[in-house]
Each structure stands twice: as structure tokens, then as C-alpha cells.
Amino acid sequence: MPSDSVKSYLQLHLIVFIWGFTAILGRLISLDALPLVWFRMLFAVLFIYGYIRYKRIPIRIPKATLLKFLVAGLIIALHWFTFFRAIKVANVSITLACLSTGAFFASLIEPLFFGKKIVWYEIFFGLIVIAGLTIIFNVETQYVEGIVLALISAFLSASFAVINSKFVKTYEPTLISFYELAGGVLFFSISLLFTNSFSADFFQLSTSDLVYLLILSSVCTAYAFIASTAVMKYLSPYTVMLTINLEPIYGIILAYFIFKDKEQMAPLFYVGALIILATVIANGILKGYKKK
């Protein structure tokens, strides 16, 4: 029988594959980015709440902590909004290639947030990433809006990860996720109310959109979050971090085979994307080596 570590490693690859499939679902769902994210968060909150009830996890937290979780929820909601908006105005390949810059945004944000020293080799890697992005900008000029949105999404994702790294030391990860997603639903609901977007048409989902949204919120959000937390018991953070860097690769390959011509990019795009991905992985390897 495989050991817990081997099973966890295989499960981690499944989770990363699922995250890569998130972009595919975003492309398949016909909704605009805002209602797409609203429904995703709402359904995910319901799924996670059911899990909390099943596991009998205590749900009460201090009001000050609740406020922090809700604000963090706004950040993750804006990350998803810009992520899916980038997919709508560009495509999956552009979005995932640019999203992989999140690790370098995190390396710049973390010293400011925790007062740590800037790691200079990460600045060097960051310059290489900028070179990769420059290649993509130059060869895919028709997707400038999507590239900018994807970079904003990467920055928001990095900010959220840095903030959550503090929360997870004190609180149950499932509980954090529940309140943060609820916060995203709350803030986006206020936005939709003020713009009079809630109408009968808003809630009329096609069968395909409903199915994709349920998969997105249950498998790609609720399950993936809970499962990714569970594998941390058996795998080192270095292994987890390095494996997660494969998400854009899985997503770009999936998009190429599913959407075919719509995802075929200029050869230089793949050069730029490869530079970014290789740099992110090299950064992870160097970090792991230094920790050892």
C-alpha cells in the first residue's frame, strides 16, 4: 500500500490539476466575471458551511477577527473577478502565464507586511520575469487589457496569500475560508445592489452554466481548499509550493486541447511563458535549498 506521503503527493497533483481546470470553466461559463464570481463564492460558502456542520467545527470568532476575514474576502473576490475578466477579454493561456508572476509579487509584499529583509536573488528573478512579460506584451499586443488584468489578479492573489499566512497560524483554515468567501459575497452583493444588477434575469442560469458553477464552487473551490490543507500534514511546504507552480502548465495544456485555435499563440508567447514558469520554479528550488 502507498505511504501517506505518496498518497498526499498524488492528491496534491490532482488538486493542482483541478486548479488549472478552473480557468477552463471560467472560459466555458457564459456569465460575465462579476456574476460568475458571485455565484462561485455563494455556492462555495454553502458547501463549506455544510462541511463545517458535518465536522462540528466551532464557528464563533471575535468581531475584530471577523472584520479582518471579511476584508480579506474582498481581496480574494477582486482577485477572482480580475482573473475571470482577463480570461473573458483575452484567453486562458495569457491569463495563466501572467498569473504565475504571483510568487514574485509575494516576495516583494512579504517584506513590507512582516518587516523582513528583501531577498536580493528574488529581485534578480523578478527582473527575468519582467523580461518574459515584455516578450508576451510585444507579441500579443491585442491582449494588453487581459495581460494587465491578469497581473492585477496576480498581485491580489499574492496579497491574499501573505495575509492568510498570518491567519492560518491561529484559526482553522476551513473557518477562515468560510468567512472570507462570505465576505466576498457580502461586498459583491452590495455592489450588485447599488448597480441594480439583481433581477430575474440575473438568477436565470442556463443548465450548462449551473453545472459548471457547481463544479467550480464544489470541486475547484471547497474541495480543493480543504484537501490542500489536509496534504500539508504529510508534505513539506517546499514540496507543496513547487508543485503548485505547475498549475499554469496544466491549465495552458488543457486550454490548448479543449479550445484549440482560440488558444494557439505566437511561438514567442511560449518562450515568454516558459521564461516566467522556469524562473518561478527555479526560485522555489533555491528557496528549498537555502532552507535545508
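The preceding data block contains the structure.
Because the structure is a prediction, the values reported are computed rather than measured.

Parameters and conventions
Residues numbered from 1 in each chain as written. Predicted model: local features only at pLDDT ≥ 70, side-chain atom pairs only at ≥ 80, totals over all residues. Heavy atoms only, no water. Helix = DSSP H or I, 4+ residues; strand = E, 2+ residues; numbered from the N terminus. Rg over C-alpha atoms; globule rule 2.2 N^0.38 Å. Buried < 20%, exposed > 50% of the residue type's maximum accessible area, 1.4 Å probe, protein only. Contact = heavy atoms within 4.5 Å. Areas by Shrake-Rupley, 256 points an atom, 1.4 Å probe, with all protein chains shown as cover. Lys, Arg positive; Asp, Glu negative; His and termini not counted. Charge placed at Lys NZ, Arg CZ, Asp CG, Glu CD. Axes fitted to C-alpha atoms, helices over the stretch in contact; angles between N-to-C directions. Parallel < 35°, antiparallel > 145°, perpendicular 65-115°, else oblique. Nonpolar A, V, L, I, M, F, W, Y, C, P; charged D, E, K, R; others polar. Patch = residues over 30% accessible without salt bridge, like charges linked within 9 Å, V, L, I, M, F, W, Y side chains within 5 Å. Salt bridge = Lys/Arg side-chain N within 4 Å of Asp/Glu carboxyl O. Left-handed = near helix turned anticlockwise from the far one by under 90°. Phe/Tyr/Trp six-rings, centres within 6.5 Å; stacked < 30°, edge-to-face > 60°. Expected span 1.5 Å × (residues − 1). Core = buried A, V, L, I, M, F, W, Y, C linked by side-chain atoms within 4.5 Å.

Draft legend 1. How the structure looks around the overall build of the protein chain. Counting its secondary structure elements, the protein chain contains twelve helices and zero strands. Element order for the protein chain, N to C, with α for helix and β for strand: α-α-α-α-α-α-α-α-α-α-α-α. What you see for the protein chain is a C-alpha radius of gyration of 19 Å, in line with the 19 Å of a compact globule of 292 residues. Every one of the 292 residues in the protein chain was classed for burial, and the buried ones make up 48%. Considering only contacts within the protein chain whose residues lie at least 6 apart along the sequence, 88% involve residues at least 24 apart. Carbon and sulfur atoms provide 68% of the accessible area of the protein chain, an area that totals close to 14,900 Å². When the 22 basic and 13 acidic side-chain charges of the protein chain are each reduced to a single mean position, those positions are 13 Å apart.

Draft legend 2. Molecular detail of the packing of helix α4 (residues 92-99) against helix α11 (residues 247-259). Contact pair α4 / α11: the axes reach a minimum separation of 9 Å and the direction vectors enclose 175°. With respect to their mutual orientation, α4 and α11 come out roughly antiparallel. Here V92, S93, L96 and A97 of α4 come into contact with α11, specifically with P248, G251, I252, A255 and F259. Residue classes in the contact of α4 with α11 are distributed as seven nonpolar, two polar and no charged.

Draft legend 3. Molecular detail of a nonpolar patch on the surface. Taken together, the side chains of L14, F17, V211, I215, V219 and Y223 present a nonpolar region at the surface, about 440 Å² in accessible area. Sorting the residues of the nonpolar patch by element identifies α1 (4-28) and α9 (207-231) as the ones contributing at least two each. Considering each element in turn, the nonpolar patch owes the most residues, four residues, to α9. Tracing the backbone shows F17 in helix α1.

Draft legend 4. Representation of the packing of helix α2 (residues 33-55) against helix α8 (residues 173-194). Contact geometry of α2 with α8 gives a least axis separation of 9 Å together with a crossing angle of 145°. Both α2 and α8 take part in a crossing whose hand is left-handed. Along its contact with α2, which presents L34, V37, W38, M41, L42, A44, V45, I48, Y49, Y51 and I52, the element α8 presents T174, L175, S177, F178, L181, A182, G184, V185, F188, S189, S191 and L192. A class-by-class count of the residues in the contact of α2 with α8 yields 18 nonpolar, five polar and no charged.

Draft legend 5. Layout of the packing of aromatic side chains. One pass over the full model with this rule turns up 21 aromatic pairs. Ring geometry for F178 versus Y179: centroids 5.1 Å apart, planes at 70°, classification edge-to-face. Note on F178: relative accessible area 10%, which makes it buried. Judged by relative accessible area, which is 14%, Y179 ranks as buried. Through a chain of ring-to-ring contacts, the aromatic side chains of W38, F39, F43, F198, F202 and F203 assemble into a single cluster.

Draft legend 6. Quick peek at unusual backbone geometry. A positive phi angle is found at R56, which is not glycine, with a value near 55°. When you line up the elements, R56 lands in the loop between α2 and α3 (63-89). Unusually for a residue other than glycine, N196 sits at a positive phi of about 55°.

Draft legend 7. Representation of α2 within the structure. With 23 residues, α2 ought to run about 33 Å at 1.5 Å a step, and its terminal C-alpha atoms sit 32 Å apart, in line with that. Following α2 by one or two positions, R56 has its phi on the positive side, about 55°.

Draft legend 8. Representation of the nonpolar core in the model. Ranked by size, the top nonpolar core spans 51 residues in total, and within it M41, F84, V92 and L216 carry the most contacts. Of all the secondary-structure elements, those providing two or more residues to this core are α1, α2, α3, α4, α7 (144-167), α8, α9 and α11. Every residue in contact with V92, bar those within four places of it in the chain, is listed here: A23, I24, R27, I87, G251, A255, F259 and E263. Core analysis: the second largest hydrophobic core is formed by 21 residues, I94, A97, L133 and Y143 among them.

Draft legend 9. Up close: the side chain of S177. Its place among the elements puts S177 in helix α8. Look at S177 and you get buried, because its relative accessible area is 7%. Each residue touching S177, except ones within four places of it in the same chain, is listed here: I48 and F225.

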